[in-house]
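An overview of the molecular structure
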Amino acid sequence: MNISFIGLGIMGSRMAANLIKHGNKISVYNRTKSKIDELGENAVAKDTPAEAVNEADVLITMLSTPAVVKKTALGESGFLNAMKKGALWIDSSTVNPSFSKSMAEEAKKRNVRFIDAPVAGSKIPAENAQLVFFAGGDKKDVEEVTPLLKTMGKMVIYSGENGSGAGMKMLVNMLLANSMIAFSEAVILGESIGFDKQFLFKTLMALPVTAPFCASKTAKMDKEDFSPEFPLQWMQKDLELASETAYECGAALPQLSTAKEIYALAKRQGMAELDMSAVYKFLKKKE
Ligand SMILES: NC(=O)c1ccc[n+]([C@@H]2O[C@H](COP(=O)([O-])OP(=O)(O)OC[C@H]3O[C@@H](n4cnc5c(N)ncnc54)[C@H](OP(=O)(O)O)[C@@H]3O)[C@@H](O)[C@H]2O)c1
C-alpha cells in the first residue's frame, strides 16, 4: 500500500514516525520542508501537496485549520486533483462537521474516497501510538484502514457517515476546554485561600468531581512551564468551530461561548502558541 502524509506539526510528525516504525515508506509534504528530514530515509520529501499523492493509495492529512486543509487540498498544486481514482483520503485535522462533509463532496466528485478521522490524545499519546480515532465515512472504508490507523492509535471508533468523526471531536474538545478552565479556577481559588499547590493537585485529582485528564496538566501548572502539547490557539479554534456547528444545528451552548472567549482573551495576551493549560496562567495573572 502506498501511503502519503501531509502536515508534520506536533501531532503529524509523531503519527508519521509511527507509520515508518511499522515498516512503511511514506511520501511526505510539509510547508516547512526541513521537518521531513527528521523522519529519516523512509520519508520521501515532496515539493508540493500534488506531488506527494501521485502514487498514494491512502493519504493522511494532519493540518491546523479548515482553511489550511482546503488550501492544501484544492489550492495551487493541491492534492485532491492529483489523487488516483479510488484512493482514500483520511483527514485527521480537527475541523467542523459541515467542513468535513464539504471535503467529502469534493473528494467524491474526483472519485476519491474520504474519511474524517480526527483524534483524541495529544503529543505524548501521538508519540506512543495511543491516539483514539473518531472515524466518519463509509464503514467498509473505515474497516479497510483500521489496521493502518492502529499503527498510530489504540482505538478506532466508527462514528457514522462523513462529518460524524469531526462531530465527535467537537464534543471531546468542548469537555476538555471546560474541564481545564474549571480545574484552573479551583486551583487558583485554593491557592488564594492558602492551600499548598501539591496538596490541591493530590486532593482534587483523587475526587470524582475532577476530570481525570487534568492530571496530565498538573506538572505544567506546577512549574508554570507551558511548552506546547496542544497549542492554545487550536483549542480556541476548535471552540469556534463547535460554536459554528451549534449555530448550524440550532443548539444553544452558553457555557461553550464563555469558554471560547476565555481562550480568545488568553490568545490575545500572547499565549497562542503555549499549551492550552496556559489558561491557568491567564486566569491567575494579576494586573
Ligand atoms: N496538539 C494536540 O494535542 C492535538 C490533539 C488533537 C488534535 N489536534 C489537531 O490536529 C491538528 C494539528 O495540530 P498540531 O498540534 O500538530 O498543530 P501544529 O504543530 O501547529 O502543526 C500544524 C500543521 O499545519 C501546517 N500548517 C499550518 N498553517 C499552514 C499553512 N498556512 N499552509 C500550509 N501548512 C500549514 C503546519 O506546517 P509547518 O510545519 O510548516 O508549520 C503543520 O504541519 C489541528 O487541527 C489540531 O487542532 C491537535
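Placed above this text is the structure.
The rules behind these values
- Residues numbered from 1 in each chain as written.
- Predicted model: local features only at pLDDT ≥ 70, side-chain atom pairs only at ≥ 80, totals over all residues.
- Heavy atoms only, no water.
- Salt bridge = Lys/Arg side-chain N within 4 Å of Asp/Glu carboxyl O.
- Helix = DSSP H or I, 4+ residues; strand = E, 2+ residues; numbered from the N terminus.
- Buried < 20%, exposed > 50% of the residue type's maximum accessible area, 1.4 Å probe, protein only.
- Near = heavy atom within 4 Å.
- Polar contact = N/O pair within 3.5 Å; in protein donor to acceptor, adjacent residues only side chain to side chain.
- Areas by Shrake-Rupley, 256 points an atom, 1.4 Å probe, with all protein chains shown as cover.
- Pairing = 2+ DSSP bridges.
- Phe/Tyr/Trp six-rings, centres within 6.5 Å; stacked < 30°, edge-to-face > 60°.

Applying the stated criterion to the full structure yields 16 salt bridges. As a salt-bridge pair, Glu191 and Lys284 come within 3.1 Å of each other at their nearest N and O atoms. Of this pair, Glu191 sits in helix α8 (residues 164–193) while Lys284 sits in helix α13 (residues 279–284); the two residues are 93 residues apart in sequence, bridging distant segments of the chain. Look at Glu191 and you get partly exposed, because its relative accessible area is 22%. A network of salt bridges, in which partner residues are shared, links Glu191, Lys197, Glu224 and Lys284.

Moving on, we come to the site of the ligand. Around the ligand sit 25 residues, and of these Asn30, Thr32, Lys35, Ser122 and Glu229 come closest. At 3.0 Å, a side-chain N or O of Trp234 approaches an oxygen atom of the ligand. Protein chains shield 89% of the accessible area of the ligand, which is 890 Å² for the free molecule. Put simply, the parts of the chain that give the shell around the ligand at least two residues each are α1 (10–21), α4 (66–74) and α11 (232–249). In terms of residue count, the dominant contributor to the shell around the ligand is α11 (3 residues).

Counting buried residues in strand β8 (residues 131–136) gives 6 out of 6 residues, a clear majority hidden from the surface. The side-chain alternation of β8 yields two buried faces, one formed by Leu131, Phe133 and Ala135 and the other by Val132, Phe134 and Gly136. Strand direction decides the pairing type here: strand β7 (residues 119–120) and β8, joined by 2 bridges, are antiparallel. Residue pairing across strands places Val119 opposite Phe133, the latter belonging to β8. As paired strands, β8 and strand β9 (residues 153–160) are joined by 6 bridges and run parallel to one another. Directly across from Phe133, in β9, lies its bridge partner Val156.

Moving on: the packing of aromatic side chains. Scanning the model with the defined rule gives 4 aromatic pairs in all. In this structure an aromatic cluster arises from ring pairing among Phe79, Trp89 and Phe114.

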